Structures are given as structure tokens and as C-alpha cells.
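Observations on the three-dimensional arrangement
Spelled out from the first residue to the last, the chains are:
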Amino acid sequence: QNNAKVAVLGASGGIGQPLSLLLKNSPLVSRLSLYDIAHTPGVAADLSHIETRANVKGFMGPEQLPECLKGCDVVVIPAGVPRKPGMTRDDLFNTNASIVATLTTACAKHCPEAMICIISNPVNSTIPITSEVFKKHGVYNPNRIFGVTTLDIVRANAFVAELKGLDPARVSVPVIGGHAGKTIIPLISQCTPKVDFPQDQLEKLTGRIQEAGTEVVKAKAGAGSATLSMAYAGARFVFSLVDAMNGKEGVIECSFVRSEETESPYFSTPLLLGKNGIEKNLGIGKISPFEEKMVAEAMSELKASIKKGEEFAKNFK
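Note that the structure is a prediction, hence the values are computed from the model and not measured.

1. A short note on empty space enclosed by the protein
- Overall, the coordinates contain one cavity of 30 Å³ or more when judged by the stated rule.
- Of the pockets and cavities examined, the largest cavity occupies roughly 30 Å³.
- As for the largest cavity, its lining consists of Pro112, Ala114, Ile116, Phe134, Val139, Tyr140, Asn141, Arg144 and Ile145.
- Tallied by class, residues from the lining of the largest cavity come to seven nonpolar, one polar and one charged.

Okay, here's the thing in C-alpha cells:
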């Protein structure tokens, strides 16, 4: 049943527009509801001229948000402000935390059963915010709330393929932990096909994966952050999720979710996806001493970001 009803909240933005284009292009999507605070009617009109079956509708402003969300199976949230040079993902906290809390409150009220995919940074805090909002409304299901970290995997695959002269489509590197700086932990030891790097090259590669977002922010010189690669990664995650919801077996993606795998209450690991979201957390698996050290070193930053999100949600009116 390729009849997924998908909403994009923040559809007019730098990530929202290319993400909506990729979703419109997919035979899996039958209805595409686009929401933003400006320009949505234009984006929707433009996309509606594309000769694919997804029915596109644009919604603008808070009063149209409930209508946008009704009946949705999947909601993707790229809304928020992008990073500028010199900013960390955490610097976006105050603005994006309010945006995510407001939008997920609407989701909890109008499509409590939907799969919620959060792209808005800092993901290490916006996922705990989303969970607390859903708890507050009595509709919390940890198997349906995902922090989209897929871009870290996409980048790891691309960079490893480039260094080894492999076809990137055949490279698969799990990336665990969180979605900021040193909380991004690529498990090169679990890469398929198996690859080996000398330690100095491994450290350089790992650092590049962790700071790849900053690489793009710098290259765009104030004109934005990673939007096109993020749109690709966001679409990849949504398509995997919808495939799994449609009954496809063996669909695995990493995502930042509520987790018992480590001492951190949220953690990204490979997840087996199914009809109801997370079917099984596949955990960290066997990792190298270098990777173990990264996991240990990420803990305090992860926990602090999570606590910051939870505190924010508790005081959010």
C-alpha cells in the first residue's frame, strides 16, 4: 500500500523545499501536506505541477496547522534557523527549541499516532523536547519518535567510498551516539564492505565526519548550512520508515531515539524498523577500543544536551 500521507513542517525553508521535492518524486507518497509560516502556497503550487501521484497541499500560519496534520502517517520537521559560521548546533537552541515544542504540541493533538521525524537542530535536545511534549499530552510512544541522524551515515559512506575508491551506494557505515560534534560516532570497524585505515587516517576521517556540517557552513560563508544533503538524508530515512510501515522486512536505519543501550537516556544505534516504528533496537554491537573511547567521551555532552531539552519542555507553555 503505497499510500503514505506525509507532512513537512518547515516546507518553505532551505531543507524543506528540496525535501518536499524528493518526497513528491516518490511513488510511496500519496499525500504531501506542506506547512510553514510563509511562502507555502507558492511551494505547494510549484510542486503540484510535477507529474507524480502525490497530492500536494500547502498550509500557512498556525491556524492552518491542525488541518495540515489531520490523518498524517509521517511528520517530518526541518523547521528552524540554520547555522551560521562560528555557531555550534547548540547555539540554535533557544529559537529552535520553541519552534519544535510548538509544532510537536500540534502533532500530539492532531496526529498522535504519526511517526515523528525531527531534523531541527540541536537534535540531541529537540528529541527529548518532543518526547516530553508527547508525555504531557498523554500520547507518548517512544517507538514513533525519531531524531534524523541519517546525514551522518550518508557522509560517512561518501567519505569512506572516496578514500577507498568504492561505489558509495555499496558502502554502509553505522553511526551511533548523537548528532553534534564528538557525540557523532562512526563505527568504521563495522563498515560493510570491511575497510581498514591506519590510526592517523582513521582519526582524520572520524574528525571529518564529525565536523562535516561545519565544513558546509564554512563553505557557504554565511548563506546557510547543509540543506541539500540533509534533504536527501531526510528523504532516505522517511522512505525506509514508510517501506517498513508497508511491511517490508529487514529495514535498518540508525536514529537518535529513547534508548536503554547505554547510560544515556537517548542514543542513536541501528534500529530494525517495522509497521509500528521501532521494532527492535539492534544496539551497538562489537566495537573497537578507539570507538569505545569515543562512546565514553560523548556521554557527558549527550546527557547535558538531553537534560537541557527536558528542562525546556517542562517549562514550555
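2. Side note on the domain arrangement of the chain
- Annotation of the chain at the domain level lists domain 1 (4-148) and domain 2 (150-305).
- If you average the C-alpha positions of domain 1 and of domain 2, the two centres end up 21 Å apart.
- Contacts between domain 1 and domain 2 engage 35 residues on the former and 44 residues on the latter.
- Where domain 1 abuts domain 2, roughly 3300 Å² becomes buried across the two surfaces, and 68% of that area is made up of carbon and sulfur atoms.
- Area buried by domain 1 at its contact with domain 2 is led by Arg89, Asn124 and Val148, which between them contribute 21% of it.
- At the junction of domain 1 and domain 2, the tally comes to zero salt bridges.
- Scanning the region where domain 1 abuts domain 2 turns up nine residue pairs in polar contact (both at pLDDT 80 or more).
- Listed by contribution, the elements that provide at least two residues to the side of domain 1 that touches domain 2 are helix H1 (16-24), strand E4 (74-77), strand E5 (115-118), helix H5 (123-136) and strand E6 (145-147).

3. A look at the packing of aromatic side chains
- This model, assessed by the stated rule, comprises four aromatic pairs.
- One aromatic cluster in this structure is built from Phe93, Phe312 and Phe316.
- Geometry around Phe197 places Lys164 over its ring, the cationic atom sitting 4.4 Å from the centre.

4. Section: the pattern of salt bridges
- If you walk through the whole model with that rule in mind, you get ten salt bridges.
- Between Asp90 and Lys308 there is a salt bridge, with its nearest N and O atoms 3.1 Å apart. In this pair, Asp90 sits in the loop between E4 and helix H4 (93-110) while Lys308 sits in helix H10 (residues 289-315), placing the two residues 218 residues apart along the sequence.
- Here Glu162 and Arg208 are joined by a salt bridge, their closest N and O atoms 3.7 Å apart.

Calculation rules
- Residues numbered from 1 in each chain as written.
- Predicted model: local features only at pLDDT ≥ 70, side-chain atom pairs only at ≥ 80, totals over all residues.
- Heavy atoms only, no water.
- 1 Å grid on protein atoms, 1.4 Å probe; cavity = no way out; pocket = protein on both sides within 12 Å on 5 of 7 lines; lining within 4 Å.
- Points joined across faces, edges and corners; volume = space filled by probe spheres on them.
- Nonpolar A, V, L, I, M, F, W, Y, C, P; charged D, E, K, R; others polar.
- Domains from an automatic or database assignment.
- Contact = heavy atoms within 4.5 Å.
- Buried area = accessible area lost by both parts, 1.4 Å probe.
- Salt bridge = Lys/Arg side-chain N within 4 Å of Asp/Glu carboxyl O.
- Polar contact = N/O pair within 3.5 Å; in protein donor to acceptor, adjacent residues only side chain to side chain.
- Helix = DSSP H or I, 4+ residues; strand = E, 2+ residues; numbered from the N terminus.
- Phe/Tyr/Trp six-rings, centres within 6.5 Å; stacked < 30°, edge-to-face > 60°.
- Lys NZ or Arg CZ within 6 Å of the ring centre and 35° of its normal.

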